[in-house]
Structure formats: structure tokens, C-alpha cells
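Breakdown of the fold
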Amino acid sequence: MVMELAMLEEKAPVVRNLRNQEEVSWTNPLLTGTKEALEGIELTMEDVKDAEERLQRFAPFISRVFPETRDRDGLIESPLKEIPGMKEKLNSTWGAGLTGKLLLKMDSDLAVAGSIKARGGIYEILKHAEDLALEHGIVKPGENYEKFADPEAKEFFSQYSVHVGSTGNLGLSIGIISAAVGFHVFVHMSQDAKQWKKDLLRSKGVEVIEYAGDYGAAVKKGREEAEKDPYSYFVDDENSVNLFLGYAVAALRLRKQLEECEIKVDDEHPLFVYLPCGVGGAPGGVTFGLKLLYGDNVHIFYEEPVQACCMVLGIATGLHSDICVQDIGLSGKTEADGLAVGRPSKFVGKTVEHLLSGEFTVEDDRLYLYMKALLDQEHIFIEPSSCAAFAGPVRIEKEEACRKYLEEQGLSGKMEKATHIAWATGGSLVPEEVRESYLKKAAEVEDSSDANQLK
Ligand SMILES: *Cc1c(COP(=O)(O)O)cnc(C)c1O
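Numbers given to residues run from 1 along each chain, matching the order in which its sequence is written. Local features in this predicted model are restricted to residues of pLDDT 70 or higher, and side-chain atom pairs are both shown and tallied only at a pLDDT of 80 or more, whereas totals for entire chains, interfaces and linings draw on every residue. By convention in this description, side-chain values take in all heavy atoms of the structure and omit both hydrogens and water.

The following threshold applies: UniProt positions are given in the numbering used here, feature names are shortened, and annotations may be inferred rather than shown by experiment.
In the annotation of an unreviewed UniProt entry, the protein chain is listed under the name Probable D-serine dehydratase and assigned to Merdimonas faecis. As recorded by UniProt, the Cofactor (unreviewed entry) comment attached to the protein chain reads in full: "pyridoxal 5'-phosphate". Within the UniProt record for the protein chain, the comment given under Catalytic activity (unreviewed entry) is "D-serine = pyruvate + NH4(+)".

This is the structure:
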């Protein structure tokens, strides 16, 4: 491995920094023009629109079984909010020098699952339910999908089971929607999964199976269990095209919101989007959708924990799922449970490798500081994992590597007209006492002797 590491570092110098547990601000040398990149991807806008239409068909069902979605007519969508107080704080405390607008995409508040997983997870289960229902004549094409909420439909689906491996939030999303459809659902959880997430799932009738190993191990077990039973379906977070397309629909919804806020995205008004990344499906899908819509005018950055930086490792080395963070001596352990993934999705890595502008890795302690800052400044709570979203806005106009990127892209003179979207990926389901423990942790980090280093 020592020899191999030397070769890897020669190919991708960032590997040395990742291995040294540094916070990196990496720009992607594989980035190409969007048009060229999209030509190499089999999925198209047609696929994203198909997914959006499917969610629309299911809206009457969603509205009926999840009353909290009725004000949006059964569409599960989150607010987009400008956060000027947070921008001010990033500038005053962390010297961000951010000049454009800063917005928060609040998937932390998505109905039903309280995280970005509500997009992909719910979509994938609804697609599976639709496939089964059409095949067995439970619904006919064109019929009102409110029918999925009828007792006969639920009884039909109860013959089938769903398995998923998860660090937490995907399990919540898949568990809640599968139970609502009527599936028998098993969530295979890794050791990183938080207790309250297991408790919440069990309270909804979901079978939670716990493993001593990490996320990869939980996925493997889930897949094996599902394979034994012809009536079962495995949600494959590492390779699922359906999850990816469910996430991609976010782009169409975001475009509408930006238009409503009269925020322009064009050659003179660049859009920057910062996405916390785990295995890659959620940020990957959003990336694909946004690139289809905005092409070279949108610049997408991922954010991962220093100890679980699997996506940057996979893309930079070109090894994708053939390498994991433990191979370079990292632990894979992080407080950011939603991002606690050691091996990236090859499907996602290969799909986004020419679309992604770069990546920021971030120390866990910093997540708590961002969490507290957002709460103090904007009275918005999001979970630590999703606070990785601020690593990008803090550094994009500050770090040398980013400034070089802006210059190369011809953006240096346009940053005052730029819009930055920090994607808040989870939070609303976190119980009060867990929030309090996070805030306590934030206060400890602030008081610690290391706090100055985190500035
Ligand atoms: C799952 C998750 C992500 C990242 O999604 P992946 O598809 O695993 O990359 C980000 N934030 C939170 C809170 C999550 O739960």
C-alpha cells in the first residue's frame, strides 16, 4: 500500500492532504464544459421530468397520508430563504469575504422525513409501488393515485418487503414512506446511526436491524437479506438510478423558487451551490439536475468530513468505489452521521466527475460552530451533518485555490452579483433533547483552546 499511495499521490496530490487530515479546498481538474460532460451521461432531462411527473401523480396520495403536505398539495418541497445575518457572521467571524447573496435551501424542513432523503427515498419507493400496482392491476394508468391510500392497496403491498442500509436519514425516509404505502420494511443500520432515529423508526412499525460495522457493512447485509426473498426489494443507495432521479427533481423546483425571488442565473450572475456529501446520491442528483438547467453558470461544490471524505478521494484518484477512506489511513468516523460514508458511489462519481467544480472537507468541531451561528443569527436549526454546507461559502472567496478557480472561470469581477446556496440537508426531526446536547457541544467547542484555530 505504501508504494501504491505514493503513486496515487503523484496522480492526485490532494490525497496527501486528505491523508494528513487537513481541511482541503479542492478544485476539480476533471471539470469540463457542461455540454460536453452531459454528452457522456446516459440520463437526460427527460428522465428528470419523468420523475417529476411521477411525484405529481402521487401528490393526491401524499396529501392524504401526510396531512402536513396539504398546503403544498402533496408536493414535498422546502423553502429557499435568504440568510443575510449568517452571511454577516461568516464574514465577521471567519473572514469569508463573501460578497454575493447567501441563501439556505431548507431541506432540513422537508415534510415527512426532515432531510434531503425525503426526495430520493420517497421517490424510489413510490416508483417501486407504482411498478407493482400497474403490473398487478391495482391502479390503471391515468387513475387518481389517491387510491394508493385505500385499505385494499395497503393489503396488497403488505405481501412485499423493502430493505435498505442506512446511517440514519435514508432509513427514516424509506422507512416512513414504505410503512405508509403498506410495505413490510427493514432498515439495516450502521453503528453511526443515532439512537433517536432508531427509536422513531420503530415507533412507525419499521424493523430496525443494527450492525456493529459501518455503513458499507449495513448495506451489504441489507442486500443479502433482500436477495433471499423474491417478494423483497432492496434500495441500493450506492447504485440506484431512481434515488438519483428523485434527488434531481429538486433542481426543477429550485428554479421556480429562484424565479419567484427574481434571482437571476446567467453569464453575469453565477450560481454557487454547496452540498454536504455522503455516498453521493443526494448531492449527485441535485448536481445533475442543476447542470441540466443552468449549465456553465452553476458551480457545484461538495462538502465532506475530514475523516469521511470518500467522494473527493474517489473522484480525484479516479478509483471511485475501488478506494475507501480507510485505505489512506482515515477512520471514516464522524459526528456528522449523515455523511459517515467511507466508500463513495461509483455510479455517482462517474456521473458527476466532469460536472463538479470542487470540494471542501471540514472538521467536525466546525460543524457545531456553524450550527450555533445559524441558530443565533437566523433562528434556524439544522443538524450538524448539514452544517457542512457552510464550509464552501466561508472559503470560496477566501482560499487561494478557490480564487484561482474564480479567475479561470472568468468570475472574479462578478462575485458581487453571485448567489450562493448552502444546502441544509437535515434537521427538523431532531428531538429537542438531542438539539440541546448539540448546543452544549457547540458551547464546549467555542470555549475550547482550539476554537481560534477554527477561525
Ligand atoms: C444523506 C445525507 C447527506 C448526503 O447524501 P448522500 O446521498 O449520502 O451523499 C447529506 N446530509 C444529510 C443530513 C444526509 O442525511
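Having seen the model, we can carry on.
**Section: the UniProt feature "domain: Tryptophan synthase beta chain-like PALP" (unreviewed entry) in the protein chain**
Just so we agree on the cut-off: Only DSSP runs of H or I with at least four residues qualify as helices, and only runs of E with at least two residues qualify as strands; both kinds are numbered from the N terminus onward.
According to UniProt, the "domain: Tryptophan synthase beta chain-like PALP" (unreviewed entry) feature falls on residues 97–396. Annotated as 43% helix and 15% strand, the span residues 97–396 places its first and last C-alpha atoms 9 Å apart.

**What to know about the sheet that holds strand 8 (residues 271–276)**
Operational definition: In this scheme, strands are said to pair when DSSP sees at least two bridges between them. Structural elements are reduced to axes, namely lines fitted to C-alpha atoms, with helices fitted over the stretch in contact, and the angle between N-to-C directions of any two is expressed from 0 to 180 degrees. Contact criterion: two residues are considered in contact whenever any of their non-hydrogen atoms come within 4.5 Å of each other.
What the seven strands build is an open sheet, ordered 1-10-9-8-11-3-2; its pairing is mixed. The open sheet is flanked by strand 1 (25–27) and strand 2 (80–82), the only strands paired with a single partner. Strand after strand, the sheet turns through a mean of 25° between neighbouring axes, direction not considered. Here strand 1 pairs with strand 10 (residues 358–362) via three bridges, running antiparallel. Considered in strand 10, the bridge of Thr 27 is made with Gly 358. Against the sheet, helix 11 (residues 241–260) touches strand 2, strand 3 (101–106), strand 8 and strand 11 (419–424), its axis set at about 130° to strand 11. Against the sheet, helix 13 (residues 310–317) contacts strand 1, strand 9 (298–305) and strand 10, and its axis sits at roughly 120° relative to strand 9.

**Topic: the packing of helix 4 (residues 45–65) against helix 8 (residues 169–181)**
Stated formally: Angles below 35 degrees are treated as roughly parallel, those above 145 as roughly antiparallel, those between 65 and 115 as roughly perpendicular, and all remaining angles as oblique. Under the scheme applied here, ten amino acids are nonpolar (Ala, Val, Leu, Ile, Met, Phe, Trp, Tyr, Cys and Pro), four are charged (Asp, Glu, Lys and Arg), and all others, including Gly, are polar.
Two elements in contact, helix 4 and helix 8, have axes whose closest approach is 11 Å; the angle formed by their N-to-C orientations is 95°. It follows that helix 4 is roughly perpendicular to helix 8 by the angle criterion. Between helix 4 and helix 8, the contacting residues are Phe 61, Ile 62 and Val 65 on the first element and Ile 177, Ala 180 and Val 181 on the second. Grouping the amino acids of the contact of helix 4 with helix 8 by side-chain chemistry returns six nonpolar, no polar and no charged.

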